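Breakdown of the fold
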Amino acid sequence: MAPRRRRAWPASAAIVTAVVFVVAAAFVFVAEAADMVQERLTVGMTIVAGAASTGAVCLDGSPPAYHLHRGSGGGARSWLLQFEGGGWCNDVRSCADRAGTRRGSTRLMAKVEVFSGILSNNPAMNPDFYNWNRVKLRYCDGGSFSGDSEYRNGSSVLYFRGQRIWDAIITDLLQKGLAKAENVLLSGCSAGGLATFFHCDSLKERLKGATTVKCLSDAGFFLDLSDISGNNSIRQFFSSLVSLQGAQQNLNKDCQNSTHDPYLCFFPQYVLPDIRTPYFILNSAYDVYQFHHIFVPPSSDPRGQWSRCKMDPGACSTSQIATLQGLRSAMLTSLRQIEGELDAGMFINSCFAHCQSELQDTWFAPDSPMIHDKKIAEVIGDWYFERGVAKEIDCAYPCDSTCHNLIPSDQDLRVY
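Model, not experiment: these values are computed from the prediction. Here the residue numbering is sequential within each chain, running from 1 through the sequence in written order. The predicted nature of this model means local features are confined to residues of pLDDT at least 70 and side-chain atom pairs, given and counted, to a pLDDT of 80 or more, with totals for whole chains, interfaces and linings taken over all residues. Working from all heavy atoms in the structure, the side-chain values ignore hydrogens and water.

1. As for the overall build of the chain
Every helix listed is a DSSP run of H or I at least four residues long, and every strand listed is a run of E at least two residues long, numbered separately from the N terminus. Across its full length, the chain holds eleven helices and 14 strands. Whether a residue is buried, partly exposed or exposed follows from its accessible area with a 1.4 Å probe, protein chains only, as a fraction of its type maximum: under 20%, in between, or over 50%, in that order. Expressed as a percentage of the 416 residues in the chain, the buried residues total 60%. Here a residue-residue contact requires only that any non-hydrogen atoms of the pair lie within 4.5 Å. Within the chain, contacts between residues at least 6 apart in sequence are counted, and of these 77% link residues at least 24 apart. Carbon and sulfur atoms make up 49% of the accessible area of the chain, which totals about 16,000 Å². For every accessible area listed, the method is Shrake-Rupley and the probe measures 1.4 Å; residues are considered covered only by the protein chains on display.

So this is what it looks like as structure tokens:
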């Protein structure tokens, strides 16, 4: 593949106030279309034996884990690896708090997960990947599987070992058949979608040339974006995360060679030009997490004038809708770099949502969101198997009548 044209870097942002970003990952997705199936598919947890001996541990020192549902028939040598989402922690206090939750410890996680949407084993609900080996990688490091450091204070230790967790899980899966895979799709939601940008090319390298490897980010295209008050607090947040967790050493080297601020390579829009493996971007142009906590964070709206709009897009004023079009414009501008790439795909709809591949309602159901009469599962399948055009961009809100506009409550968007 010919190298992608490098895009210019923006000017450095001004000093911003510290903001703790809310984790969009309180979502635990289940099959909303339960009436379509006899029973839900539940999959037990597998602890990675011996991972601790290599330092591959969660924030609290517990071992990493995943859930594997075996493929069958024509999908027996195909693998779908799904990074779990769950936000991030960027300082000692927030990481210590997180270590005491299911987001930082496999000891506190549910030991059984529901597989739905892209993880479903029902061909009527997941037509292209239902019989693949499907794996959910549990997220417990707080840094999108990128860090490699630790913090010690007396007898207390926080382990930032996302990179080692990734390595340990892949090593374990290679022994269980991944090494003989013919087709692989690396995917993830939210912070897990962000993780795909860090590990896409390295997975392709580990599996050699005999395997078709492609990558999918669902709601993981987090923008380097100033909020409505002019502050760019997401830069400071990611900068402190990269520093604390020792993630810089694991970020894309070509990307880092293009800037004096290596932490910027935590943003997908800057690393994407240097990724050589085929990519698909699934994202809402009005992603709920980015709307609520990057574009219009509480610090930018001290009087709460956006409160009703955040909970119900139908309650947004004309001027607020016009402002929100700026979020969509920023998303589309950042994605122009792959519009001409033949092996790239995208589904950018105008629904107010966050993560659409694991939720059956939005992935593939009778009333799923569509662009040009095609559902998310159909477009992604067309892209992976090269069956046709796989770049779909929706018209601007409020034109799309197929949207579900899944707005979570503030209680669901919890800080860890």
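The rest of the description comes next.
2. As for the sheet that holds strand β11 (residues 345-349)
Backbone hydrogen bonds are what pair the strands of a sheet, in a parallel or an antiparallel way. Two strands form a pair only when DSSP identifies at least two bridges running between them. Read across the open sheet, the ten strands follow the order β4-β1-β2-β5-β3-β8-β9-β10-β11-β14; overall the sheet is mixed. Two strands close off the open sheet at either side, each with one partner strand: β4 (112-115) and β14 (391-393). Within this sheet the neighbouring strands show an average axis-to-axis angle of 20°, counted without direction. Note on geometry: axes are C-alpha line fits, over the in-contact stretch for helices, and angles between N-to-C directions span 0 to 180 degrees. Seen against the sheet, helix α3 (residues 191-207) touches β3 (78-83), β8 (183-189), β9 (212-218) and β10 (279-284) and runs at an angle of roughly 160° to β8.

3. Quick word on the packing of aromatic side chains
Only centres within 6.5 Å qualify two rings of Phe, Tyr or Trp (six-membered ring in Trp) as a pair; their planes then separate them into stacked at under 30 degrees, edge-to-face at over 60, and tilted for everything else. By the definition in use, this model includes 28 aromatic pairs. Their ring planes at 70° and their centres at 6.1 Å tell us that tyrosine 286 and tyrosine 397 sit as a pair that is edge-to-face. Taken as a pair, tyrosine 286 in the loop between β10 and α7 (288-295) and tyrosine 397 in the segment after β14 lie far apart in primary sequence, 111 residues in all. Exposure class is identical for tyrosine 286 and tyrosine 397. Each is buried. Put simply, the rings of Trp88, Phe198, Phe222, Phe237, Phe238, Phe266, Phe267, Tyr270 and Tyr289 touch in pairs and so form one group of aromatic residues. A cation over a ring is seen here: arginine 98 above tyrosine 139, with NZ or CZ 5.1 Å from the ring centre. Note on criteria: charge over ring means Lys NZ or Arg CZ within 6 Å of the ring centre, with the direction from the centre no more than 35 degrees off the ring normal. The cationic tip of lysine 375 hangs over the ring face of phenylalanine 364; the distance from NZ or CZ to the ring centre is 5.0 Å.

4. Some points on α7
One full turn of an α-helix is made of 3.6 residues, so residues set three or four places apart face in the same direction. Of all eight residues in α7, eight are buried; the element is thus mostly enclosed. Its buried side turned inward, α7 meets α4 (233-245), β10, α8 (307-311) and α9 (318-335). As used in this structure description, the phrase polar contact means that two N or O atoms lie within 3.5 Å; if the pair is within protein, one of them must be able to donate a hydrogen and the other to accept it, and residues adjacent in sequence are counted only when both atoms belong to side chains. The distance from a side-chain oxygen at the start of α7 to the backbone nitrogen of tyrosine 289 is 3.1 Å, and the residue carrying that oxygen is aspartate 287.

5. Digging into helix α1 (residues 92-99)
Among the residues making up α1, those that are buried are Ser94, Cys95, Arg98 and Ala99. Along the axis of α1, the buried residues cluster in a sector spanning 140°; they form a single face. The elements touched by buried residues of α1 are β7 (156-160) and α4. This arc corresponds to the set of directions leading from the helix axis out to the C-beta atoms.

6. Examining the state of the cysteines
Put simply, a disulfide is two cysteine sulfurs that come within 2.5 Å. Within this structure, the stated rule accounts for eight disulfides. Through a disulfide, cysteine 255 is tied to cysteine 265; the S-S separation comes to 2.1 Å. Handedness of the cysteine 255-cysteine 265 disulfide follows from its S-S torsion of about -100°: it is left-handed. With cysteine 255 in helix α5 (residues 253-256) and cysteine 265 in the loop between α5 and α6 (268-271), this pair connects stretches of sequence that are ten residues apart. A relative accessible area of 1% means that cysteine 265 is categorised as buried. Bridging cysteine 351 to cysteine 403, the disulfide has an S-S length of 2.1 Å. Torsion about the S-S bond of the cysteine 351 and cysteine 403 cystine: about -80°, corresponding to left-handed handedness.

7. Concerning the pairing of strand β6 (residues 149-153)
The pairing of β6 with β7 spans five bridges and is classified as antiparallel. Of the residues in β7, the one forming a bridge with glutamate 150 is tyrosine 159. What sits between the antiparallel neighbours β6 and β7 is a turn of two residues, in which glycine 154 has the positive phi angle 65°.

8. Some words on the packing of α7 against α9
Taken N-terminus to C-terminus, the directions of α7 and α9 make an angle of 110°; their axes are 11 Å apart at the nearest point. Relative to α9, the element α7 lies roughly perpendicular. Helix-helix and strand crossings are classified by hand; for α7 and α9 the assignment is right-handed. Within the contact between the two elements, α7 uses Gln290, Phe291 and Phe295 and α9 uses Thr323, Leu324, Gly326, Leu327 and Met331. Each residue belonging to the contact of α7 with α9 can be placed in one class, and the counts come to five nonpolar, three polar and no charged. Roughly parallel means an angle under 35 degrees; roughly antiparallel, over 145; roughly perpendicular, 65 to 115; everything else is oblique. A crossing counts as left-handed when the near helix is turned anticlockwise from the far one by less than a right angle, and as right-handed when that turn is clockwise. Each residue gets one label: Ala, Val, Leu, Ile, Met, Phe, Trp, Tyr, Cys and Pro are nonpolar, Asp, Glu, Lys and Arg are charged, and the others, such as Gly, are polar.

9. Observations concerning the side chain of asparagine 126
Inspection of the secondary structure assignment puts asparagine 126 in the loop between β4 and β5 (133-137). By relative accessible area, asparagine 126 is classed as buried at 0%. The residues touching asparagine 126, leaving out its near neighbours within four places in the chain, are Gly117, Ile118, Leu119, Ser120, Arg134 and Trp363.

10. Here we look at the nonpolar core
Side-chain atoms within 4.5 Å link the members of a nonpolar core, which is a set of buried Ala, Val, Leu, Ile, Met, Phe, Trp, Tyr and Cys residues. Residues Leu81, Trp88, Phe197 and Leu324 are the most contacted members of the largest nonpolar core, which totals 85 residues. Looking at this core, the element that brings in the most residues is α3, giving eight residues. Excluding residues that lie within four positions of it along the chain, leucine 81 makes contacts with Val135, Leu137, Ile170, Leu173, Leu178, Leu185, Leu186, Ser187 and Leu203. Counting residues in each nonpolar core, the second largest holds 23 residues, with Ile118, Leu282, Phe347 and Ile380 among its members.

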